[in-house]
Amino acid sequence: MKVGKDVTRPELLGGPKPEYTPEARQARVVGNVIMMAMIDREGCVRQARVLKGQPFGLGEAAAAAVRRWTFRPATYQNRPVAVDYVLTVTFQPDENPEPADRRGAASSSGSR
């Protein structure tokens, strides 16, 4: 199922911040990693893959973190449902990376 029309988006509850790799920090890589995650009815990430990565292992770092995140599940007709969901994780070298979804900037598949 995809987020859109009658399907609410999942809401991030918690999980680890992605690790900024030493190579990426040294190269001062800035950018977004776009992920596709399958979030089940319990709010657990069952699959996560990188759609658009960044160099120096940031895509892998984002995927490793996203797999450990938990969500309030998406709903359809007030019932929890599994969804495919697009997430954006932003990396900036001067600070710890913060998932865009925590700032309300993540987009969902099927709704744009």
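Just above, that's the structure.
Residues numbered from 1 in each chain as written. Predicted model: local features only at pLDDT ≥ 70, side-chain atom pairs only at ≥ 80, totals over all residues. Heavy atoms only, no water.

## Structural notes on the overall build of the chain
Along its length, the chain carries two helices and eight strands. Scanning the chain from its N terminus toward the C terminus, one meets helices and strands in the order β-α-β-β-α-β-β-β-β-β. Out of the 112 residues belonging to the chain, those deemed buried represent 45%. In the chain, once contacts between residues fewer than 6 apart in sequence are set aside, the share between residues at least 24 apart is 68%. Accessible area of the chain: about 6,400 Å², with a carbon and sulfur share of 45%. (Helix = DSSP H or I, 4+ residues; strand = E, 2+ residues; numbered from the N terminus. Buried < 20%, exposed > 50% of the residue type's maximum accessible area, 1.4 Å probe, protein only. Contact = heavy atoms within 4.5 Å. Areas by Shrake-Rupley, 256 points an atom, 1.4 Å probe, with all protein chains shown as cover.)

## With respect to the packing of aromatic side chains
Counting across every chain of the model gives two aromatic pairs. When the centroid spacing of 5.5 Å and the interplanar angle of 80 degrees are considered together, the rings of tyrosine 20 and phenylalanine 91 count as edge-to-face. On the criterion of sequence distance, the pair formed by tyrosine 20 in the loop between strand E1 (11–14) and helix H1 (22–26) and phenylalanine 91 in strand E7 (residues 83–91) is long-range, its members being 71 residues apart. Assessed through its relative accessible area of 7%, tyrosine 20 is described here as buried. Centroid distance tryptophan 69 to phenylalanine 71: 6.4 Å. Interplanar angle 55 degrees. Geometry classified as tilted. Overall, phenylalanine 71 belongs to the buried group, its relative accessible area being 2%. (Phe/Tyr/Trp six-rings, centres within 6.5 Å; stacked < 30°, edge-to-face > 60°.)

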